[in-house]
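Overview (structure and organization)
If you want the building blocks of each chain, they are given just below.
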Amino acid sequence: MTPPLIQIENVWKEFGDQIVLERLSLSIAPRSFVALVGPSGCGKTTFLRMLLGEEAPTKGRILLDGKPLQPEPGPDRGVVFQRYSVFPHLTVLGNVMLGLDLKGAPRIGRLFGARRRAAADLARALIAEVGLAGDEGKYPAQLSGGMQQRLALAQALITRPRVLLLDEPFGALDPGIRAGMHELMQRLWHETDLTVVMVTHDLSEAFTLACRVLVFERLRDRAAEKHRYGAVLAQDMAVWPPRIAGQPTPPKRSQAA
Amino acid sequence: MNANDKLLPSLATMADTVARMAFSADPRTGEVQLWVDTSASLFRLLTGLGIAAALTLLIGLVVGMLPVARAALAPVIDVVSMVPPLALLPILFITLGLGEVSKITLIVIGVMPVMVRDLAGRVLELPREQIVKAQTLGASSWQVAIRVVLPQALPRLITSFRLQLGPAWLFLIAAEAISAEAGLGYRIFLVRRFLAMDVIFPYVVWITFLAVVMSWGLERLRARAFPWVELGQ
Ligand SMILES: Nc1ncnc2c1ncn2[C@@H]1O[C@H](COP(=O)(O)OP(=O)(O)OP(=O)(O)O)[C@@H](O)[C@H]1O
Ligand SMILES: [Mg+2]
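Residues numbered from 1 in each chain as written. Chains lettered and ligands numbered in written order. Predicted model: local features only at pLDDT ≥ 70, side-chain atom pairs only at ≥ 80, totals over all residues. Heavy atoms only, no water.

Here we come to the site of ligand 1. All names here are of chain A. In the vicinity of ligand 1, the residues found are F15, Q18, V20, S40, G41, C42, G43, K44, T45, T46, E168 and H201. Between ligand 1 and the protein, one listed contact pairs an oxygen atom with a side-chain N or O atom of Q18 at 3.2 Å. Between S40 and ligand 1, the recorded distance is 2.5 Å, taken from a side-chain N or O atom to an oxygen atom. For ligand 1, the protein covers 63% of the area, taking 640 Å² as the surface of the free molecule. In terms of residue count, helix α1 (residues 44–52) provides more of the shell around ligand 1 than any other element does, 3 residues in total. Tallied by class, the residues present in the shell around ligand 1 amount to 3 nonpolar, 7 polar and 2 charged. (Near = heavy atom within 4 Å. Polar contact = N/O pair within 3.5 Å; in protein donor to acceptor, adjacent residues only side chain to side chain. Areas by Shrake-Rupley, 256 points an atom, 1.4 Å probe, with all protein chains shown as cover. Helix = DSSP H or I, 4+ residues; strand = E, 2+ residues; numbered from the N terminus. Nonpolar A, V, L, I, M, F, W, Y, C, P; charged D, E, K, R; others polar.)

And the structure:
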């Protein structure tokens, strides 16, 4: 058995006297794709922000690779939000290159000369990979919502994060466009050394993409008890048949077509 | 004779005056009056606005990015912005003398609070997600400042510079009216004593023209340097 990549040990999260999450204990294996579902306001985003290091657990601890998580967002954990994931002032190429710029030039945050060309080549390959070849010079405002999320994925992946955190990344997209995004997401997960945790509202999306589905739920939801009890991990389901990273199964839909 | 003749000059008189002031050198000093006045005024105006913009960039980013600095500086800026700048003018003349420094300082003090608040507000309205996103790409605080915040604040600074041209001209002319050796405002208030509308009118038109050209130029500069601003929304 491979040791878990992420270990969550009896984590509680409270905001003031409101308990949002309680008694969370689980571990996430490397290369898994975990989907997180639950009713609105149950703390899914809060959970993701704890994994990100943007929020600290009130109680308990989170380990990444057996070591306590860095208490700040860092390059080992990439993220794509529903909105505002890409920078409006950078072109498609600039957005994807940003991670390399920041890593290679601590002072000025920008690469030049041969190093810039090498970074641009890497970025262009990834841009093509997510289906945006030809749009390198465009600004995000010139892209559709789906293209912006493709860009956000490429941008997040260029620094090769161990974990990719997704907060309803396709939630704002039309259903038609979503299918294409799912295909891309599957491909990226199979081809990249990546562990994914994705929050979604859409149960079918969870089962389409993930190899494991977590359900957060507030067991006592009466008004009087709302503040004193947080949501717990109510269900933890393995998707059947098992979906294994690096072993893509042909998509069902193409067989039917 | 019509009494208005003295107040409203004929076009011919004005044309004569313009030719004298704008296109012929003073035989004594060899200087063209309008050019001397214009360069003196523009020097003060642009130096004042330039200093204000540089300080605004520094203070605006710090106030916008660092909650501690915001808590400390925001009340100070609020109070300073309430001081009527023209009421400070005598104090500036007394403490800094009648030269250029006091006039430039008046412009800086007059326009800066608005610019700082505007820029800090722009920084604050950047979505939190952008900052977190940059951190997940490995950005340090410094890198967040120069690659994420600064480029998105600059176009706003140019716009705010442009909008402060009006107030800056006001402060400049007020200061020149009181004490100067040259300047567009100085000239207007000098010849006012002789009711020389043939000078005042062309000067007002010229000042307006300068302001319009600067405003247009800044707008062009912003559109050229930051094409993405127009695309958003
Ligand atoms: N910074 C904060 N301060 C105070 N309360 C917060 C904070 N962040 C979240 N909360 C509260 O925590 C609860 C969970 O919020 P969260 O955003 O995690 O829910 P969610 O499951 O992501 O909901 P949705 O599906 O609508 O996105 C909410 O009641 C929210 O008001
Ligand atoms: Mg949420």
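Let's shift gears to the nonpolar core. Counting residues in each nonpolar core, the largest one holds 60 residues, and the members touching the most others are L45 and W169 of chain B. When residues of this core are assigned to their parent elements, the largest contribution, 11 residues, is made by helix α6 (residues 100–124) of chain B. With residues near it in sequence (within four places) discarded, W169 of chain B still touches L42, L45, L184, I207, L210, A211 and M214 of chain B. Core analysis: the second largest hydrophobic core is formed by 46 residues, L126, L143, L151 and I158 of chain A among them. (Core = buried A, V, L, I, M, F, W, Y, C linked by side-chain atoms within 4.5 Å. Buried < 20%, exposed > 50% of the residue type's maximum accessible area, 1.4 Å probe, protein only. Contact = heavy atoms within 4.5 Å.)

Its place among the elements puts I8 of chain A in strand β1 (residues 6–15). Once you skip the residues sitting within four places of it in the chain, I8 of chain A turns out to touch L24, S25, L26, F47, L51, R61 and I62 of chain A.

Our focus in this paragraph is the confidence of the model for chain B. On average, residues of chain B score 90 in pLDDT, and 97% of them are at 70 or above. Put simply, helix α1 (residues 4–7) of chain B is where chain B has its lowest mean pLDDT, 60, and helix α8 (residues 141–163) of chain B is where it has its highest, 95. (pLDDT = per-residue confidence, 0-100.)

A few words on empty space enclosed by the protein. Residues and elements named next belong to chain A. Overall, the coordinates contain 1 cavity of 30 Å³ or more when judged by the stated rule. As a volume, the largest cavity reaches approximately 30 Å³. Top contributing element to the lining of the largest cavity by residue count: α1, with 4 residues. Grouping the constituent residues of the lining of the largest cavity by class yields 4 nonpolar, 1 polar and 2 charged. (1 Å grid on protein atoms, 1.4 Å probe; cavity = no way out; pocket = protein on both sides within 12 Å on 5 of 7 lines; lining within 4 Å. Points joined across faces, edges and corners; volume = space filled by probe spheres on them.)

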